[in-house]
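# Breakdown of the fold
Spelled out from the first residue to the last, the chains are:
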Amino acid sequence: MVLEIWRIFSVCSCVLSQEGSAEEIAEGTWKKLPKLKNPAKIWNNRKQKKKHEEGQLGDVQLEEQQEEKQHEEQLEEVTRRLILREEALFSLDSHSEEEEDQLQKDFESLSIQIWMAVHNTFAPPSPSEDHLEVLRSAVDSIQQQEMQDQRWKDRPKDKVPVWRPQRWWSTHNRLLQKMVESRLTEAVEEQSGEAEQLSSAVKKQVCRTGKRLKEDLLTVVRTVKDCYATRMDILNIYAGLYHQTFSAQLVALASAGLEVDDCSYVLFWVNHYYPEEILKHEELDGQIKTACLGSLLQQDSLRRLEEQYLSHREDKVKLWLNTVLKKEEESWLSGKTPELIDSYYFSPLAIDVIQVVNGSLTEFSYAIKDQNKAQRLTVHLENFLSSYKKSVEDLVKANPANLHPVIKAQLVCEQQLRDYITGQTEGLSEEQKRRCLDALTALRDCGYQCFTCPLHGQIKVYLNPLWTSAWVDGSFAVVDSLLNFLNQQLDGLSDLKPACKQALVCSVLQDVAVQYVKKTMKTRMKNRQQQVAGSQRMLEDAKKIESFFKEEGCTEALWMSEMLCGLAEILRLQDPPSIHLEVVNLARKYPDFSGAHVSALLSLKFGLSAEDVRSIRASVEENRPLDASANQSPLFFSHIKVKWINKINKMWVKS
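Since the structure is predicted, the reported quantities are computational estimates derived from the model, not experimental observations. (Residues numbered from 1 in each chain as written. Predicted model: local features only at pLDDT ≥ 70, side-chain atom pairs only at ≥ 80, totals over all residues. Heavy atoms only, no water.)

Another point: the overall build of the protein. In terms of helices and strands, the protein carries 28 helices and two strands. Sequence separation of at least 24 residues holds for 79% of the intrachain contacts in the protein that already meet a minimum separation of 6. In the form shown here, the protein has an accessible surface area of approximately 33300 Å², with 50% of it arising from carbon and sulfur atoms. (Helix = DSSP H or I, 4+ residues; strand = E, 2+ residues; numbered from the N terminus. Contact = heavy atoms within 4.5 Å. Areas by Shrake-Rupley, 256 points an atom, 1.4 Å probe, with all protein chains shown as cover.)

Pasting the structure below:
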């Protein structure tokens with residue numbers, strides 16, 4: 001053990017004497033350290049030693065162990081006595097060379113005991129209480145020597161011992177550096193269960209070294225730290241040494257060139273595990289000055305590895321997404337009907353895409369420090385959704401025999417992708433989210449049109465008798481006939497997932513309401529009686545429509561019914577002030593109820609002057625909410641875009 005300590009520390013031994021130079025050490029002319037001696041034994045136990053040597057060998061060994069333990073526990077006391085001898089010897093006008101030589105040898109013997117105690121800091125499996133007690137004593141000795149160095153600092157050089165200053169604290173720190181380097185080097189060769197499961201030599205080396213670093217720092221904070229004075233900040237000394245040594249190993253690995261998989265693992269340690277799991281470990285967090293440590297890799301090396309990783313990951317994400325879409329398109333073109341799961345059509349496309357993107361973003365979050373760079377990966381999701389939308393549109397145009405089952409499966413995919421993107425808080429910028437959702441909305445609308453377009457013309461035909469005499473007097477149940485027709489058509493959506501069917505049914509409801517309102521606004525009333533009677537019929541129709549679509553699971557049925565009832569109330573009222581109030585209320589509730597729509601609705605009323613219309617329109621604009629988002633009603637009137645509204649608007653402006 002003594003020789004091991006000496007080999008580790010021989011480069012620092014010149015500090016024991018001002019006269020011993022590095023050249024003398026290299027040439028071998030500097031005095032060799034004596035064999036390990038026990039100063040307490042020399043001064044206090046010579047007679048006892050002689051007596052023990054005459055006894056049995058077993059008793060001698062036991063006694064020597066006891067004496068050694070007693071000595072180790074008294075390192076600080078031995079140091080104190082040697083310092084007192086030093087003070088006494090050099091306070092004399094003259095002293096013998098023999099006494100000085102003996103004192104120097106005793107200091108050298110003590111120093112080796114000190115360095116042995118420090119070297120045993122991480123004695124396996126963990127420092128015992130005896131080890132820690134010896135270490136505390138050794139640290140106290142080092143502090144005494146540092147203070148003694150300061151006492152000799154201002155004295156005449158010819159009165160200072162040749163071994164002063166000893167600089168034991170600097171020597172201690174250099175020994176720690178050698179210990180840390182040795183421990184991390186040894187860790188590379190050790191066999192450990194966790195590291196053995198890794199796929200490459202680079203990963204095993206990084207894992208073993210990093211785990212040793214973590215274990216040793218935890219040992220320092222749990223036990224070793226208490227052996228040192230607080231001002232010594234021993235934890236941060238160790239943290240700095242381990243950081244530098246681990247960093248040097250990683251720099252060497254990076255400089256030699258890394259495979260992509262190894263590159264990812266190194267980045268995981270540099271950007272995540274080391275700073276987050278080790279330095280911020282619950283027992284270390286707040287105690288290590290992490291700002292002083294910096295990154296394990298310099299910025300140039302780190303940027304190079306991150307670029308290597310990102311370029312490879314971009315290519316992989318793009319390839320995987322393209323493969324998913326190609327596989328889906330091949331399934332469509334083969335004429336196959338999508339799989340039924342729980343009686344609903346299903347496609348694995350969305351799940352595959354989410355797994356690709358989410359897995360890549362998760363790995364990215366651990367490998368790359370700048371999370372904004374995730375957009376280099378998510379841009380490929382954008383591109384995929386654009387291609388996916390176009391593929392669905394082309395499929396609809398081709399109108400194959402399996403179109404409806406395929407589209408039902410794609411509507412499920414659209415909803416799954418929409419939920420994922422909407423809930424994604426990292427990786428996607430707000431602008432990217434908007435573009436992705438726009439692509440999905442276009443895809444969804446294209447899918448809906450497969451089912452709603454055939455209905456659109458029929459809805460218009462069924463609503464054409466509105467405001468006829470037969471409808472006004474109740475002899476022709478226009479809405480009842482329409483709802484019977486829709487009930488038959490919607491039965492064909494039983495194999496569409498309920499959440500998707502609900503959205504599709506709401507789309508049908510909106511078409512019904514748009515056609516109903518458009519027909520109402522375009523009808524020229526014959527008289528006030530027809531208007532009042534028709535408004536009552538509108539109220540009845542609104543309730544029927546609400547009941548039907550609510551039963552079909554449409555969540556928009558209520559507000560759509562309220563909107564129709566609001567229009568019916570305006571048609572029922574005849575006095576301008578009441579009409580004025582209802583129109584303003586309607587405009588406040590529906591932000592897209594424009595001035596043109598106001599003019600079209602008021603054109604149906606009897607007895608309103610041009611001044612009344614201008615006053616109502618002015619009030620509508622004055623009372624619109626400044627923040628349209630505060631209005632909870634969805635957009636509706638913006639879907640009513642016909643040329644006759646603009647003509648009516650211009651007519652009222654001129655008047």
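From this point on, the discussion continues.
Okay, the state of the cysteines next. This structure, assessed with the given rule, holds one disulfide. Shown here is the disulfide that connects Cys506 with Cys554, its sulfur atoms set 2.5 Å apart. Where Cys506 bonds to Cys554 through sulfur, the torsion about that S-S bond is close to 125°, and the disulfide is right-handed. Of this pair, Cys506 sits in helix H22 (residues 498-522) while Cys554 sits in the loop between helix H23 (528-551) and helix H24 (557-572), and the two are 48 residues apart along the sequence. As a non-bridged cysteine, Cys500 has Cys413 as the owner of its nearest cysteine sulfur, 9.0 Å distant. (Disulfide = S-S within 2.5 Å.)

Under the 1.5 Å per step criterion, the end-to-end length of helix H25 (residues 576-589) is 20 Å for 14 residues, consistent within 8% with the ideal 20 Å. Within the span of H25, buried status applies to Ile579, Val583, Val584, Leu586 and Ala587. Looking straight down H25, one finds that the buried residues subtend no more than 160° of arc, so they occupy a single side. Those residues of H25 that are exposed and angled more than 90 degrees off the buried face are Pro577 and Leu581. Packing partners of the buried residues in H25 comprise H24, helix H26 (595-602) and helix H27 (610-622). (Expected span 1.5 Å × (residues − 1). Buried < 20%, exposed > 50% of the residue type's maximum accessible area, 1.4 Å probe, protein only. Arc of directions from axis to C-beta.)

Before going further, it helps to spend a moment on the packing of aromatic side chains. Scanning all chains against the criterion turns up 19 aromatic pairs. With a centroid separation of 6.1 Å and an interplanar angle of 90°, the aromatic rings of Phe246 and Trp269 are classed as edge-to-face. You can see Phe246 sitting in helix H12 (residues 234-255) and its partner Trp269 sitting in helix H13 (residues 260-278), a full 23 residues away along the chain. Look at Trp269 and you get buried, because its relative accessible area is 2%. Plain terms: the ring middles of Phe636 and Phe637 are 5.1 Å apart, the flat faces sit at 85° to each other, and that makes the pair edge-to-face. Judged by its relative accessible area of 0%, Phe636 is buried. An aromatic cluster of at least three residues, connected via ring pairs, comprises Phe246, Tyr265, Phe268, Trp269, Tyr273, Tyr274 and Tyr366. The side chain of Arg155 reaches across the aromatic face of Trp152, ending 4.1 Å from its centre. The residue whose ring lies beneath Arg164 is Phe107, and the NZ or CZ to ring-centre distance is 5.3 Å. (Phe/Tyr/Trp six-rings, centres within 6.5 Å; stacked < 30°, edge-to-face > 60°. Lys NZ or Arg CZ within 6 Å of the ring centre and 35° of its normal.)

It is worth spelling out the pattern of salt bridges at this point. Per the stated rule, a full pass over the model turns up 37 salt bridges. Two residues, Arg303 and Asp300, come together in a salt bridge whose shortest N-O distance is 2.6 Å. With Arg303 and Asp300 both in helix H15 (residues 299-333) and three residues apart, the pair spans about one turn of that helix. By relative accessible area, which is 55% here, Asp300 ends up exposed. The partner of Lys544 in a salt bridge is Asp480, and the shortest N-O contact between them spans 3.1 Å. Here Lys544, found in helix H23, pairs with Asp480, found in helix H21 (residues 478-490); they are 64 residues apart in sequence, far enough to count as distant. Assessed through its relative accessible area of 32%, Lys544 is described here as partly exposed. (Salt bridge = Lys/Arg side-chain N within 4 Å of Asp/Glu carboxyl O.)

Attention shifts here to H24. Residues spaced three or four apart along an α-helix face the same direction, because each turn holds 3.6 residues. Taking 1.5 Å of rise per residue, the 16 residues of H24 would be expected to cover 22 Å, and the 22 Å separating its terminal C-alpha atoms lies within 8% of that figure. All buried positions along H24 are accounted for by Ala557, Trp559, Met560, Ser561, Met563, Leu564, Cys565, Gly566, Leu567, Ala568, Ile570 and Leu571. Next to the buried residues of H24 lie H22, H23, H25 and H26.

For the rest of this paragraph, the subject is the confidence of the model for the protein. Scored by pLDDT, the protein comes out at a mean of 85, with 85% of its residues at no less than 70. The low-confidence segment residues 1-57, where pLDDT is below 50, has 88 contacts with residues more than four positions distant or belonging to other chains. (pLDDT = per-residue confidence, 0-100.)

Following the sequence through the fold, Met116 ends up in helix H7 (residues 97-119). A relative accessible area of 14% means that Met116 is categorised as buried. It is 9.7 Å that separates the C-alpha atoms of Met116 and Val134, two residues lying 18 residues apart in sequence.

Next up on the list: unusual backbone geometry. The residue after Arg164, namely Pro165, is reached through a cis peptide bond having omega 0°. Along the chain, the position of Pro165 falls in the loop between helix H8 (129-152) and helix H9 (168-189). Positive phi, normally seen in glycine, also occurs at Arg167, with a value near 55°. Assignment of secondary structure puts Arg167 in the loop between H8 and H9. Classification of Arg167 by relative accessible area gives partly exposed; the value is 43%. Backbone geometry places Ser343, a non-glycine residue, at a positive phi of 75°. Residue placement: Ser343 occurs in the loop between strand E1 (339-341) and strand E2 (344-346).

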